[in-house]
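Each chain is listed here by its residues.
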Amino acid sequence: MKPVSHATPLRRAPVQRRSAERLTRILDACADLLDEVGYDALSTRAVALRAGVPIGSVYRFFGNKRQMADALAQRNLERYAEQVTERLKVARRGDWRAAVDAVLDEYLAMKRTAPGFSLIDFGNQIPVGARHSEPNHRVADRLTDLLSGYLGRDPDEALRRTFLVAVEASDTLVQLAFRVDPEGDEAIIAETRELLRAYLARVLD
């Protein structure tokens, strides 16, 4: 397991391997406990106990549980980008439909399997039920940087805006799919895929 990116705001960034491994255990424990008890009942003490580290180790990195959740969201985004990148390595360069499939399928895989992801994802659901725009801007920026070279497009504001609209639309529809069915309603997911392809075709074809 990779630790959270050092770009994530931490009270103290890990500089030694032992410290980085401890941070990874803390975030893994946070993710597991989110699934078990939810965000409101989550505590830094419970995370420390689950991770097998002193409570001081948690506070060395995070001032409170919100900062810990934010770091977990950032790690989710880093892992998501890595998985999309791996998918694109075996796709035909410039095939934007394959890119759309990679982006959507990897997000669905994380929704279904990544501990704590249903509450945190990329940072836009804490407090539970809140939907803030900032994380979707962050995802759109990351996808623009990630996909522009693959698609042979300039990562300009027009492309960034296109991906932001696509991210916002797919985010809303995927949330709907998982409200209808805890595993994600396949019919709604299929409609989401078609909507994305129809919207992006006007720009990417």
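Above this note sits the structure.
Residues numbered from 1 in each chain as written. Predicted model: local features only at pLDDT ≥ 70, side-chain atom pairs only at ≥ 80, totals over all residues. Heavy atoms only, no water.

(A) Representation of the nonpolar core within the structure. Y80 and L147 are the most contacted members of the largest nonpolar core, which has 36 residues in total. Looking at this core, the element that brings in the most residues is helix α5 (residues 96–113), giving 10 residues. Residues contacting L147, with those up to four places away along its chain left out, are L88, A99, V103 and F163. Ranked by size, the runner-up nonpolar core spans 24 residues in total, among them I26, A51, A69 and A73. (Core = buried A, V, L, I, M, F, W, Y, C linked by side-chain atoms within 4.5 Å. Buried < 20%, exposed > 50% of the residue type's maximum accessible area, 1.4 Å probe, protein only. Helix = DSSP H or I, 4+ residues; strand = E, 2+ residues; numbered from the N terminus. Contact = heavy atoms within 4.5 Å.)

(B) Representation of the packing of helix α1 (residues 17–37) against helix α2 (residues 44–51). The N-to-C vectors of α1 and α2 enclose an angle of 115°; their axes lie 8 Å apart at closest approach. The way α1 lies across α2 gives a crossing that is right-handed. When α1 is examined against α2, the residues R25, I26, A29, C30, D32, L33 and E36 are found in contact with a partner set consisting of A46, V47, R50 and A51. Residue classes in the contact of α1 with α2 are distributed as seven nonpolar, no polar and four charged. (Axes fitted to C-alpha atoms, helices over the stretch in contact; angles between N-to-C directions. Left-handed = near helix turned anticlockwise from the far one by under 90°. Nonpolar A, V, L, I, M, F, W, Y, C, P; charged D, E, K, R; others polar.)

(C) Representation of helix α9 (residues 186–204) within the structure. Between its first and last C-alpha, α9 extends 26 Å over 19 residues, near the 27 Å set by a 1.5 Å rise per residue. Those residues of α9 that sit buried are I188, I189, T192, R193, L196, L200, A201 and L204. Regarding α9, its N-cap is D185, as a side-chain oxygen of that residue lies 3.2 Å from the backbone nitrogen of A187 further along. (Expected span 1.5 Å × (residues − 1). Polar contact = N/O pair within 3.5 Å; in protein donor to acceptor, adjacent residues only side chain to side chain.)

(D) How the structure looks around α2. The complete set of buried residues in α2 reads T44, V47, A48 and A51. The buried residues of α2 occupy an angular sector of 100° when the element is viewed end-on, so they sit on one face. Along α2, exposed side chains directed more than 90 degrees from the buried face belong to R45 and L49. Its buried side turned inward, α2 meets α1, α3 (55–61) and α4 (65–89). Where α2 terminates, the next one or two residues include G52, which has phi positive at roughly 70°. (Arc of directions from axis to C-beta.)

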